[in-house]
Amino acid sequence: MLQIIARKSPYRPIWDAFLSGRYDLCVSNDILEEYQEILEQQITPTVAENVVLLILNQKNVRFVDPHFRMGLITADPDDNKFVDCAFAAGADYLVSEDSHFKVLHSIPFPQLNVVTLDEFLRTRLV
């Protein structure tokens, strides 16, 4: 999340496209808590709260409450919240720079389209 918010980031067009409603963002309570925690550590608690509130108030946010825990990522089980949310939402993409998600390319079910920020920029926001 932090990589797309910074004004001078090459990934800022992803944030701007989200704000303009060009794609839906699927989140869960766990995901929002992680966003807030990371933003608080990297920037400030005030900015973190404002970003989370902004996300919550966007019309193109789909709130998902996964009722299962698939446990597909064993190297960092905390990452599974994103997998569970993407699967429950039927998301087109799971966008991440985290190498732990590469394991999903070798798992036949569920089929999740895991892409990097660069790939998302090229394939979705062109």
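Refer to the preceding data block for the structure.
These notes cover the structure that comes with them.

A look at helix 5 (residues 80-89)
Phase 1 of the analysis: With eight of ten residues buried, helix 5 is to be regarded as a mostly interior element.
Phase 2 of the analysis: Turning to helix 5, its buried residues number three or more, namely N80, K81, F82, V83, D84, C85, A86 and A89.
Phase 3 of the analysis: In the stretch just after helix 5, G90 is the one whose phi turns positive, near 65°.

Re the side chain of Q58
Phase 1 of the analysis: In this structure, Q58 sits in the loop between helix 4 (45-57) and strand 2 (61-63).
Phase 2 of the analysis: Setting aside its immediate chain neighbours within four residues, Q58 contacts F18 and L19.

Section: the pattern of salt bridges
Phase 1 of the analysis: For the coordinates displayed, the defined rule picks out three salt bridges.
Phase 2 of the analysis: One salt bridge in this structure joins K81 and E34, with 2.8 Å as the shortest N-O distance. Taken together, the residues K81 in helix 5 and E34 in helix 3 (residues 29-42) connect sequence positions 47 residues apart. As far as the burial class goes, K81 and E34 line up, both buried.
Phase 3 of the analysis: Residue K81 is joined to D78 by a salt bridge in which the shortest nitrogen-to-oxygen separation is 2.6 Å.

Structural notes on the state of the cysteines
Phase 1 of the analysis: For the structure shown, the criterion picks out zero disulfides.
Phase 2 of the analysis: Lacking any disulfide linkage, C26 is separated from the closest cysteine sulfur, that of C85, by 5.7 Å.

Focus: the environment of Y23
Phase 1 of the analysis: Mapped onto the elements of the fold, Y23 is located in the loop between helix 2 (12-19) and strand 1 (25-27).
Phase 2 of the analysis: Side-chain polar atoms of Y23 contact the backbone oxygen of I14, separated by 3.0 Å.

Brief notes about the side chain of S9
Phase 1 of the analysis: Mapping S9 onto the fold places it in the loop between helix 1 (2-5) and helix 2.
Phase 2 of the analysis: A polar atom in the side chain of S9 sits 3.0 Å from the backbone nitrogen of Y11.

Remarks on the packing of aromatic side chains
Phase 1 of the analysis: Taken as a whole and assessed by the stated rule, the structure comprises eight aromatic pairs.
Phase 2 of the analysis: Ring geometry for F18 against Y23: centres 5.9 Å apart, planes inclined by 40°, an arrangement best described as tilted. Summarising the burial analysis for this pair, F18 and Y23 share the class buried.
Phase 3 of the analysis: Here the aromatic rings of Y93 and F120 are separated by 5.6 Å at their centres, their planes lie at 80°, and the arrangement is edge-to-face.

Reading guide: rules and limits
Residues numbered from 1 in each chain as written. Predicted model: local features only at pLDDT ≥ 70, side-chain atom pairs only at ≥ 80, totals over all residues. Heavy atoms only, no water. Buried < 20%, exposed > 50% of the residue type's maximum accessible area, 1.4 Å probe, protein only. Helix = DSSP H or I, 4+ residues; strand = E, 2+ residues; numbered from the N terminus. Contact = heavy atoms within 4.5 Å. Salt bridge = Lys/Arg side-chain N within 4 Å of Asp/Glu carboxyl O. Disulfide = S-S within 2.5 Å. Polar contact = N/O pair within 3.5 Å; in protein donor to acceptor, adjacent residues only side chain to side chain. Phe/Tyr/Trp six-rings, centres within 6.5 Å; stacked < 30°, edge-to-face > 60°.

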